[in-house]
Amino acid sequence: MVFEKVDKYELKDDSSFVILGIPFEATSTSPRAGAKEAPLAIRKAFNYFSLLTELGIDIFQKKIVDIGDIEVYPSLLEETMTSIEETISLILSLRSDNLPIPITLGGDHFITYPIIRKFLQIFPHKFGIIIFDAHVDLYDKWLYKEKYAHCTVFHRILELQSIEKEDLLFIGTRDIDYEEAEFLKNTSIKPISSHSISQGDLKALLSQRFQRLQRRGIDHVYVSIDIDVLDPIFAPGTGYPIPGGLTYRQLWKALDLLTQYFQVIGIDLVEVCPPYDSSEITSITAARLLMEFIGFITEKMK
Ligand SMILES: [Mn+2]
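Figured I'd write up the structure that's included with this text. All figures in this text were calculated on a predicted structure; none of them were measured in a lab. (Residues numbered from 1 in each chain as written. Predicted model: local features only at pLDDT ≥ 70, side-chain atom pairs only at ≥ 80, totals over all residues. Heavy atoms only, no water.)

As for the coordination of the manganese ion
Binding of the manganese ion to the protein goes through H109 (ND1), D133 (OD), D137 (OD) and D226 (OD), at separations of 2.1 to 2.2 Å. For the manganese ion, all donor residues lie on one chain, and their spacing in sequence is H-x23-D-x3-D-x88-D. A residue pair is termed long-range when its members are at least 10 positions apart, and H109 in the loop between β4 (101–106) and α3 (112–122) and D137 in the loop between β5 (127–132) and α4 (153–158) qualify at 28 residues. The class of H109 is buried, set by a relative accessible area of 0%. Exposure remark for D137: the relative accessible area of 6% places this residue in the buried category. (Donors = N, O, S within 2.8 Å, 3.2 Å for Na, K, Ca; no water. Helix = DSSP H or I, 4+ residues; strand = E, 2+ residues; numbered from the N terminus. Buried < 20%, exposed > 50% of the residue type's maximum accessible area, 1.4 Å probe, protein only.)

Encoded structure:
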């Protein structure tokens, strides 16, 4: 499976999905370096699949294009954020009847911050953010100094205007630090832990929380998938693998379910780390999840 390559300045408004890569990991704190190699590795993994999803959905009913990797500058964070925001802006400016959905391949998790910042500026509806992650990335400052890091990303996002704590839903958490636990204690954010998912009925658990978001008037969601939400059995190639994670099938079901509740407006998949991968399994899993997710969304678009 190969996606049509298009120069980002030649994008047309007939695309339903726009894939872009952000080979940036300068805001990662992991000693397991290499997340910048993920866009290339995930694109390669798409080649191993046939054209239909597991349920037989033809994702090419909708136009999917790949605009390649955007420019990033490892020592220039502001310029990198500007580059990301300009690209998201280009994609969202195409919105006409159909709604192009940017699918971003990270990179470390910090890239979600400039993406959300741009969405908040120009997306016309209120939206929620559903985050699949072993972590909550809510440190204020990493090692008391670093404001912009992959583990501070949702703290920074919560500082943005027009996003409220209840608009965020974390799923699959299991490695929350002391400072983050304190922060959570003082807020209304209630992550759905990996442990609680392992204990009960996944569908009932998620449905209840999705309905709560809906009651807040949220019909649109941005979905951020940190591959470390999966158990390291399924995704060993990541910066901070944490045992006790979701199975591939649990995440697959969660993505299916959320498309029954919400219109997905943007997706990112971050923290795949090819140098620490095994037999490319993490990249393959990431690519397959995106393919299946596109399939679920495509079905709802009919
Ligand atoms: Mn993360």
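And the narrative resumes.
Here we look at the pattern of salt bridges
Pairing between side chains of opposite charge can happen when their charged atoms approach one another. Enumeration according to the criterion identifies 16 salt bridges in this entry. Across the pair E280 and K44 runs a salt bridge whose closest N-O atoms are separated by 3.1 Å. Taken together, the residues span a long stretch of sequence, with E280 in the loop between β9 (263–270) and α9 (281–301) and K44 in helix α1 (residues 38–46) at a distance of 236 residues. Its relative accessible area of 31% is what places E280 among the partly exposed residues. Here the residues in one salt-bridge network are K126, E164, D167 and R216, joined through shared partners. (Salt bridge = Lys/Arg side-chain N within 4 Å of Asp/Glu carboxyl O.)

Side note on the side chain of S224
Tracing the backbone shows S224 in strand β8 (residues 220–226). Polar contacts involving the side chain of S224 include one to the side chain of H109, which spans 2.8 Å. Setting aside its immediate chain neighbours within four residues, S224 contacts H109, T112, I130, I131, F132, F154 and D268. (Polar contact = N/O pair within 3.5 Å; in protein donor to acceptor, adjacent residues only side chain to side chain. Contact = heavy atoms within 4.5 Å.)

Quick look at the sheet that holds strand β1 (residues 4–5)
Taken together, the nine strands give an open sheet; going across it, the order is β1-β3-β2-β4-β9-β8-β5-β6-β7, and neighbouring strands pair in parallel fashion. On the outer flanks of this sheet lie β1 and β7 (192–193), each paired with one strand and no other. Where β5 meets strand β6 (residues 168–173), four bridges bridge the pair, whose relative direction is parallel. Bridging from a neighbouring strand, I129 pairs with L168 of β6. The strands touched by α3 are β4, β5, β8 and β9; relative to β8, the strand with the most contacts, the crossing angle is about 175 degrees. Sitting on the sheet, α9 touches β2 (17–22), β3 (64–69), β4, β8 and β9, and the angle it makes with β9 is about 175 degrees. (Pairing = 2+ DSSP bridges. Axes fitted to C-alpha atoms, helices over the stretch in contact; angles between N-to-C directions.)

Quick notes on the state of the cysteines
Going through the model one piece at a time under the given rule, you end up with zero disulfides. This cysteine, C151, is not joined by any disulfide, and C273 carries the nearest cysteine sulfur, 16 Å off. The exposure class of C151 is buried, given its relative accessible area of 6%. (Disulfide = S-S within 2.5 Å.)

Considering the nonpolar core
Counting 55 residues, the largest nonpolar core has I130, F132, F210, L255, L258 and F293 as the members making the most contacts within it. Membership of the second largest hydrophobic core comes to 42 residues, among which are I111, I131, I157 and L168. (Core = buried A, V, L, I, M, F, W, Y, C linked by side-chain atoms within 4.5 Å.)

Re unusual backbone geometry
Residues G106 and G107 are joined by a peptide bond in cis, for which omega reads 10 degrees. The residue G107 is located in the loop between β4 and α3 in this model. For E280, which is not a glycine, the phi torsion comes out positive at approximately 60 degrees.

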